[in-house]
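Okay, here's what each chain looks like letter by letter:
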Amino acid sequence: MAEAADFQGTSASPARRWLRRTGALLTGAPLLAGLLQLPAATPADAAGQESLQAAAGAGSVSVAVDSLTPSAPSDGDTVTVSGTVTNNGKQTVTGAHVDLQVGPPLETRSSIDTLAKKSNDLQGPSGEKVGGKYTEKYSALTPGVAEPFSISVPADKLDLGRDGVYQLAVSLSGETSAQPWDQVLGVQRTFLPWQPEEADTKTKTTFLWPLVSSAHMAAETGSNEQQTPVFRDDELAEEISPGGRLDQMVSLGKGLDVTWVVDPDLLASVDAMTRSYQVRAADGSTTSGKNQEVAKHWLAELQQAVTGNEVAALPFGDPDLASLAHNGTNVTGSLGHLKEATDVADETVNTILHVKPSTDFVWPVDGAIDPSIVKVATSAGADKVITRSDSLQDNLSYTPSAARPIGGGTTAVVADSRMSTAFQGDLSRASASTLAVQRFLAQSLTLGLQTGKQRSVVVAPQRMPSVSQAQAMAEALEALQGGNWSESQDLTAATKDKPDPAANTRVPSAYPSSLRKQELPRAAFEQIAQTKGKLDKFKVILTRQSRVVTPFGRAMNREMSTSWRGRGIAAVGYRDGIESYLNGLIDGVKLIQKSETKLSGRSATIPVTVQNNLVQGVEHLRLRLTSKNPTRLKIGGDAYEEQRVTVNGGHAQSVKFPTSANANGRAEVVAQLYTEDGQRYGAPVTFDVKVTEVTPTVMLVIGGGVLLLVLAGFRMYTHRKRAAAREAAEDDTTEADGENDGPHDREDAPQNREDAPQNPEPSGARLKEEAAAGSGADASEQPSDLAPDTAAESADPSGTGERVDR
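Residues numbered from 1 in each chain as written. Predicted model: local features only at pLDDT ≥ 70, side-chain atom pairs only at ≥ 80, totals over all residues. Heavy atoms only, no water.

A.B. asks: Explain the packing of helix H7 (residues 264–273) against helix H10 (residues 334–353) here, please?
C.D. replies: Two elements in contact, H7 and H10, have axes separated by 9 Å at closest approach and are oriented at 45°. By the angle between their directions, the pair H7 and H10 is classed as oblique. Considering how the two elements wind past one another, H7 and H10 form a crossing that is left-handed. Within the contact between the two elements, H7 uses Pro-264, Leu-267, Ala-268 and Asp-271 and H10 uses Ala-345, Thr-348, Val-349, Ile-352 and Leu-353. Among the residues forming the contact of H7 with H10, the class breakdown is seven nonpolar, one polar and one charged. (Axes fitted to C-alpha atoms, helices over the stretch in contact; angles between N-to-C directions. Helix = DSSP H or I, 4+ residues; strand = E, 2+ residues; numbered from the N terminus. Parallel < 35°, antiparallel > 145°, perpendicular 65-115°, else oblique. Left-handed = near helix turned anticlockwise from the far one by under 90°. Contact = heavy atoms within 4.5 Å. Nonpolar A, V, L, I, M, F, W, Y, C, P; charged D, E, K, R; others polar.)

A.B. asks: Even after reading the chapter, I still don't get the nonpolar core, so can you show me in this structure?
C.D. replies: Within soluble globular proteins, side chains that are nonpolar tend to cluster in buried spots. With 74 residues, the main nonpolar core has Phe-538 and Leu-623 as its most contacted residues. With six residues, the single largest contributor to this core is helix H19 (residues 568–586). Those residues within four positions of Leu-623 in sequence are excluded, and the remaining contacts are Leu-591, Val-608, Val-610, Glu-641, Glu-642, Gln-643, Val-645, Val-655, Phe-657, Ala-671, Gln-672 and Leu-673. Residues Phe-191, Tyr-277, Ala-295 and Leu-447 belong to the second largest nonpolar core, which totals 65 residues. (Core = buried A, V, L, I, M, F, W, Y, C linked by side-chain atoms within 4.5 Å. Buried < 20%, exposed > 50% of the residue type's maximum accessible area, 1.4 Å probe, protein only.)

A.B. asks: Help me understand the side chain of Thr-80, please; the structure alone is not making it clear to me.
C.D. replies: For Thr-80, the position within the fold is in strand E2 (residues 78–87). One polar contact links Thr-80 to Ser-152, side chain to side chain, over a distance of 2.9 Å. Residues in contact with Thr-80, not counting those within four places in the same chain, are Ser-67, Leu-68, Thr-69, Ser-150, Ile-151 and Ser-152. (Polar contact = N/O pair within 3.5 Å; in protein donor to acceptor, adjacent residues only side chain to side chain.)

A.B. asks: Would you take a moment to explain empty space enclosed by the protein for this structure?
C.D. replies: The gaps of empty space that remain are located by a probe, the size of a water molecule, rolled over the atoms. A full pass over the atoms with the stated rule returns seven cavities of 30 Å³ or more. Taken as a whole, the largest cavity spans an internal volume of roughly 100 Å³. Contributing to the lining of the largest cavity are 15 residues, with Ser-389, Thr-399, Pro-400, Val-414 and Asp-416 lying nearest its centre. Taken together, the elements giving at least two residues each to the lining of the largest cavity come down to strand E19 (411–415) and strand E20 (456–459). (1 Å grid on protein atoms, 1.4 Å probe; cavity = no way out; pocket = protein on both sides within 12 Å on 5 of 7 lines; lining within 4 Å. Points joined across faces, edges and corners; volume = space filled by probe spheres on them.)

A.B. asks: Just to check I follow, could you spell out helix H4 (residues 109–117) for this structure?
C.D. replies: The periodicity of an α-helix, 3.6 residues per turn, causes residues three or four positions apart to be oriented the same way. Every buried residue belonging to H4 is among Arg-109, Ile-112, Asp-113, Leu-115 and Ala-116, and all of these are buried. Buried residues of H4, viewed axially, fall in a sector of 165°; they line one side. (Arc of directions from axis to C-beta.)

A.B. asks: So what exactly am I meant to see when it comes to the packing of helix H17 (residues 522–539) against H19 here?
C.D. replies: The description of two packed helices rests on the angle between their axes and on the distance between the axes. Where H17 contacts H19, the axes come no closer than 10 Å and their chain directions differ by 20°. Comparing their axes, H19 and H17 come out roughly parallel. For the element pair H17 and H19, the recorded crossing hand is left-handed. In this structure, H17 contributes Ala-524, Gln-527, Ile-528, Gln-530, Thr-531, Lys-534, Leu-535 and Phe-538 to the contact, and H19 contributes Arg-575, Asp-576, Ile-578, Glu-579, Leu-582, Asn-583, Leu-585 and Ile-586. Split by residue class, the contact of H17 with H19 holds eight nonpolar, four polar and four charged.

A.B. asks: Hey, could you run me through the packing of aromatic side chains in this one?
C.D. replies: Aromatic rings considered in pairs are described by the distance between their centres and by the relative angle of their planes. Per the stated rule, a full pass over the model turns up six aromatic pairs. Between Phe-231 and Tyr-277, the ring centres sit 5.2 Å apart and the planes meet at 65°, which makes this aromatic pair edge-to-face. With Phe-231 in strand E11 (residues 229–231) and Tyr-277 in the loop between H7 and strand E13 (278–280), the pair connects residues that are 46 residues apart, well separated along the chain. Side by side, Phe-231 and Tyr-277 carry an identical accessibility label, which is buried. Centroid distance Phe-552 to Tyr-581: 5.7 Å. Interplanar angle 15°. Geometry classified as stacked. Highlighted residues: Phe-552 in helix H18 (residues 546–559) and Tyr-581 in helix H19, separated in sequence by 29 residues. A relative accessible area of 1% means that Phe-552 is categorised as buried. Taken together, the ring pairs in this structure connect Phe-207, Trp-209, Phe-423 and Phe-440 into an aromatic cluster. The ring of Phe-687 is capped by Lys-594, whose NZ or CZ atom sits 5.4 Å from the centre of that ring. (Phe/Tyr/Trp six-rings, centres within 6.5 Å; stacked < 30°, edge-to-face > 60°. Lys NZ or Arg CZ within 6 Å of the ring centre and 35° of its normal.)

A.B. asks: Whenever I open this one, the sheet that holds strand E14 (residues 286–288) confuses me. Can you help?
C.D. replies: The pairing of strands in a sheet comes from backbone hydrogen bonds and takes either a parallel or an antiparallel form. The strand order across the open sheet built from four strands is E10-E11-E13-E14, with neighbouring strands paired in mixed fashion. The sheet is open, and its two borders are formed by strand E10 (217–221) and E14, each paired with just one other strand. Adjacent strand axes in the sheet meet at a mean angle of 35°, parallel and antiparallel pairs treated alike. Of the strand pairs in this sheet, E11 and E13 are connected by two bridges, and their pairing is parallel. Counted as the bridge partner of Phe-231 is Val-279 from E13. The strands touched by H7 are E10 and E11; relative to E11, the strand with the most contacts, the crossing angle is about 110°. (Pairing = 2+ DSSP bridges.)

A.B. asks: Explanation requested: the pattern of salt bridges in the structure shown.
C.D. replies: Where charged atoms from two side chains of opposite charge come close, those side chains can pair. A complete count under the given rule lists 32 salt bridges for this structure. As a salt-bridge pair, Arg-162 and Glu-107 come within 2.5 Å of each other at their nearest N and O atoms. On the criterion of sequence distance, the pair formed by Arg-162 in the loop between strand E6 (146–154) and strand E7 (164–175) and Glu-107 in the loop between strand E3 (93–105) and H4 is long-range, its members being 55 residues apart. Look at Glu-107 and you get buried, because its relative accessible area is 16%. The partner of Asp-497 in a salt bridge is Lys-204, with the nearest N and O atoms 3.1 Å apart. One end of the pair, Asp-497, is in the loop between helix H15 (491–496) and helix H16 (513–516); the other, Lys-204, is in strand E9 (residues 203–211), with 293 residues separating them in the sequence. This pair shows no difference in class: Asp-497 is buried, exactly as Lys-204 is. Each of the salt bridges in this network shares a partner with another, and the network as a whole consists of Asp-113, Arg-418 and Arg-439. (Salt bridge = Lys/Arg side-chain N within 4 Å of Asp/Glu carboxyl O.)

On their own, these measurements won't tell you what the molecule is for.
Pasting the structure below:
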């Protein structure tokens, strides 16, 4: 990227300093020539040789500038530079003194970068010494011992000229026994912005203040009505506790004119901590969380801090747009997760912070974009993409305003890469932090001096600054907002500024390979889709879907979080944990296993038990019982039958199916739960039904017995009718004889008559008894008769040889 053009012309004071430095260099040339002809050092002078070698680099004495106040001085101010000097060599340094040296203005932004890279190089330019009483002296510097220094000098003694950024070097000079002459043994360069008067045209600066953390909440919740949340660890409590990272972000950002960029997941997680919550330990056990008051205090402080400032809400969970664009768009449902994360952001922030957030922005990692990332961002409803100038580069001699159209109604908000990356790295040392602050201010002032036109600049620092980085950011912002060349502006206003027509609006086609290596793989999105598919099938049977859908939906948003970059193993563990927990819930509604069932008859009812171990009821389920051998055993008169199932939470329900058998033997039966839309639910239960006493022979014997009873009854009936007819005929004959012979001629003993029956017929009752005896069975107790149904089956697995209800 082209840098800003150099300024034309210099003031008289810098010119005089340059002449003096040139004269000093010419004067020292003979001395340098003499030094070059010195003989080689002997072994005894090894320490001196070491010092000579060190002089070619960072020096044998390290100089640390721990404080420079004010960071951007004005007329009448006194500049105080404090820090330490440490002798890293093996020889004592005598006659040591610390001096301040002011160099000429740095004309371009690239020259600031160059100087920052060589801030402690002895070979670089250091400028003219302020000298006089503005020097701190030491009689000796002992090896390994750090000595403090503090020099205060009025700004008018620094001989500063026109507005600009000046190099300010702090050097340590002295001599050793091996090098007994005064020389510079260590130096530290920094930057001194100089804008004593209000600028005619101020740069409008937008600073994003990010409140983002990693995923801490699991999908698991308690079985109580409040659904007590479960946290994977207690790290969030540490971050919001006094002195923690997020605690510092809130306390430092309070009072600064910034745009708060918030991940709604962070707010939701802290809000959950204000009530009862559980924390999972490394061994899998859970303990009650004890940081409710800490969470309440942090949220209260945040609510005050954002008052009067703009709040921009990222999609819930801060999804990794680049990973989604490159690896997830071909996985069904992945873009739907991003849309859900965007939709829920507004409600979450508004409910917890009581402010209306802007949800038009997305923020890809490090502001790196390509066409696919922009397409994914707009598909979620965002029309403003926060990118960075090292991604959307310009070939201009100045830095254009941040906002620019990139097509399709989308605006790219181009953050300045130099100012955005100024606070990266280890800033735990005061010297590193001070250098970062001064470099940031230097870049800001130089940018503002490039043209006479007002421009807007956006600063988008790293997502999760450390405590020391946040402290440096706050110090720089306080100095910037108290300076004379910049004015604050919120993010939405920056997007409405008139775009520079010369600025680049073409989205780069290439994406940095270093960032691509850290992306979530396609397998991650496939696993998320698999979890989503299981959830969709599961939720349709629930009577209270929100108890499951909401926590799992938010957990799947967290699975796509930018915070998983560079943490592949942890990301896999988080996804596996969510899917495993869902599998456990799904398995909570299942069929109880059955052993072989005996059917001793031609019809019976077979009970199948559905167990619900969830805390809520299930419905919209159908239980299908299927016979694999319907010619032998039919279910409800066909090969299968279905029945609706509704089971209360924590209960079991037995469903009875009528069956009819046509033949002896085993018939395999399969029980399977289905949702109402025909999707299989859970694992099937397969068991055998053993049919006995139902064969053609048995049916023939039974039919034959009935036929014999009928024939026997018919025979007795006809025999009795014939006997009665004979008796009637005989009586008629006897009466006729009596009329002819007289009463004294009739025989009185019919048993002596030749035609009298020898075996009188049995009575009707006797015939019934004999017929029953001859059938060999009690007609009131047939083995195929149905008996009343028994009580509901136990939820325990049935025993071997289970008999069904007949």
